[in-house]
Amino acid sequence: MASMTLEPHYNDDCVFCKILQGQIPSYTVYEDNVVKAFLDISQGTPGHTLVIPKTHVKDIFAYDADLAAAVFSRIPKIARAIQAADPTIAGMNILNNNGKVAYQSVFHSHIHLVPRYSDQDDFKMIFKDNADNYTPAKYAAIQTAIKSHLEG
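Bear in mind that the values here come from a model prediction, so they are computed numbers and not experimental data.

## Details of the side chain of K54
Argument step 1. Here K54 is to be found in the loop between β3 (49-53) and α2 (65-72).
Argument step 2. Given a relative accessible area of 12%, K54 falls into the buried group.
Argument step 3. A polar contact is formed between the side chain of K54 and the side chain of E31, at a distance of 2.9 Å.
Argument step 4. Within the structure, K54 has its side chain in polar contact with the backbone oxygen of D32 (distance 2.7 Å).
Argument step 5. When sequence neighbours within four positions are dropped, the list of residues in contact with K54 reads P8, H9, Y10, L20, E31, D32, N33, V34, V35 and K36.

## Quick word on unusual backbone geometry
Argument step 1. The phi dihedral of Y103 falls on the positive side, at around 75°, and the residue is not glycine.
Argument step 2. Mapped onto the fold, Y103 is located in the loop between β4 (91-95) and β5 (111-116).
Argument step 3. Its relative accessible area of 70% is what places Y103 among the exposed residues.
Argument step 4. Not every positive phi belongs to a glycine, and D122 is a case in point at roughly 70°.
Argument step 5. With respect to the helices and strands, D122 occurs in the loop between β5 and α4 (136-147).

## Some details on the pairing of strand β1 (residues 28-31)
Argument step 1. Pairing of β1 with strand β2 (residues 35-39) involves 3 bridges; the strand directions are antiparallel. Each residue of the ladder has a partner; that of E31, found in β2, is K36.
Argument step 2. Counted along the chain from β1 to the antiparallel partner β2, the turn is 3 residues long.

Cut-off values and rules
Residues numbered from 1 in each chain as written. Predicted model: local features only at pLDDT ≥ 70, side-chain atom pairs only at ≥ 80, totals over all residues. Heavy atoms only, no water. Helix = DSSP H or I, 4+ residues; strand = E, 2+ residues; numbered from the N terminus. Buried < 20%, exposed > 50% of the residue type's maximum accessible area, 1.4 Å probe, protein only. Polar contact = N/O pair within 3.5 Å; in protein donor to acceptor, adjacent residues only side chain to side chain. Contact = heavy atoms within 4.5 Å. Pairing = 2+ DSSP bridges.

Set out below in structure tokens:
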């Protein structure tokens, strides 16, 4: 994969690029030369924040190692600030949706930081247990397929 720049570049048709350029207002909670973090307009729970790279990149599949390191290294700092802002925050979901089928609705990579207040705070994730559908051979086949595509 060719190295991508950490310098900002924008897509004229992207709502997040328009936010980055100040064409659309946002409630920014953190910003530096690599990322901008702002409140998600939907506020799934109070404090729901999006962290976006300042360079337009569609999804995690388009990241290189440098961009991933730069973006993801900022997540703990922002998450801690969100948690510190409200002592009733008991946990946090950190989500990254990639592709329409995975619920990505804006095709500029973004990480959701969703504060959790209780198991009754109207935010749900369901991970179905499909273990009964897999044999050791099926697990091994999936393992081998993935490992064969990993880069050095």
